[in-house]
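Chain by chain, the residues:
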Amino acid sequence: PTKVGSVPAQLSSNHVSIGATNSFRGIGICADISTATSDFHSVSVTADLTNIVNGKVSTPGMRITYHYDMKLAGGTTPAGYGYMIYAGPGIAQGYLRSLDSRKGYMAGLSGAAGGKVYLGRSISISAECQADAALIFKNKYIHHMSLYKEGIIHSFIPYIRIQYCF
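Residues numbered from 1 in each chain as written. Predicted model: local features only at pLDDT ≥ 70, side-chain atom pairs only at ≥ 80, totals over all residues. Heavy atoms only, no water.

Caption draft 1: Fine view of the side chain of Glu128. As for its position among the elements, Glu128 is in strand β9 (residues 123-137). With relative accessibility at 0%, the residue Glu128 sits in the buried group. Within polar-contact distance, the side chain of Glu128 engages the side chain of Tyr86 at 2.9 Å. Polar side-chain contacts of Glu128 include one of 2.7 Å to the side chain of Gln130. Setting aside its immediate chain neighbours within four residues, Glu128 contacts Asp69, Tyr86, Ala112, Ala113, Gly114, Ile157, Pro158, Tyr159 and Arg161. (Helix = DSSP H or I, 4+ residues; strand = E, 2+ residues; numbered from the N terminus. Buried < 20%, exposed > 50% of the residue type's maximum accessible area, 1.4 Å probe, protein only. Polar contact = N/O pair within 3.5 Å; in protein donor to acceptor, adjacent residues only side chain to side chain. Contact = heavy atoms within 4.5 Å.)

Shown next, in the form of C-alpha cells:
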C-alpha cells in the first residue's frame, strides 16, 4: 500500500468507501467518508434480520444508522497492510420488530466499535459491533413505547463490512 510517513495513505487522507455489510443482525449497504484526521462518518442502511434468523418472523425490518467513528489506533502490519481500531457515537432509527414480534418505529442513540484492515489501495474489511440505546414505538400512541432491547442484547454480534475505497 502507498504510505505517508509510516501510516498507510488510507488512514491519513480523505477518501470514500462504499460496500456491503453482513451480519446475523442484518444485511445492507454502507458508506464511510474519511476526514482529514483519519476519523470518518459512517452510514448504513440494512434489512433488520434479528427475528428472522431465530424464526420468529418472516419479513425483515429496515434500519438506518449514522456514526462518527474516531480512530483509536492504527498503523501498518509487517505485511504492509493498513489497520485501524475505531469507536464512535451515533444515531439509529428504523421500522422493525422487537422481541415480542410487534412492529414499531425505533429511534435512539447508537455506538459503534470495530477494527478495519486495508488490503492494498482499494479494499477494506472491517468487523464492527453496534449497541443501541433506543426506544421503540409500537403504534401511534406514546403509551405503547418501550426500550428497544435488541439494541443491547445483540450488540456483540458483529457486522462484517467489505468496502471499495475510492
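Caption draft 2: Up close: the nonpolar core. In this structure, Ala92, Leu96, Met106, Ala134, Ile136 and Tyr148 together form the largest nonpolar core, which totals 6 residues. For this core, the elements supplying multiple residues, two or more each, are β7 (82-97) and β9. In contact with Leu96, not counting residues within four places along its chain, are Asp48, Gly61, Met62, Arg63, Arg102, Lys103, Gly104, Met106, Ile136 and Tyr148. Core analysis: the second largest hydrophobic core is formed by 5 residues, Phe40, Met84, Tyr86 and Tyr118 among them. (Core = buried A, V, L, I, M, F, W, Y, C linked by side-chain atoms within 4.5 Å.)

Caption draft 3: Examining the pattern of salt bridges more closely. Going through the model one piece at a time under the given rule, you end up with 5 salt bridges. Glu128 is the partner of Arg161 in a salt bridge, and the nearest nitrogen-oxygen pair spans 3.8 Å. With Arg161 in strand β11 (residues 159-165) and Glu128 in strand β9, the pair connects residues that are 33 residues apart, well separated along the chain. The buried category is assigned to Arg161, whose relative accessible area is 2%. (Salt bridge = Lys/Arg side-chain N within 4 Å of Asp/Glu carboxyl O.)

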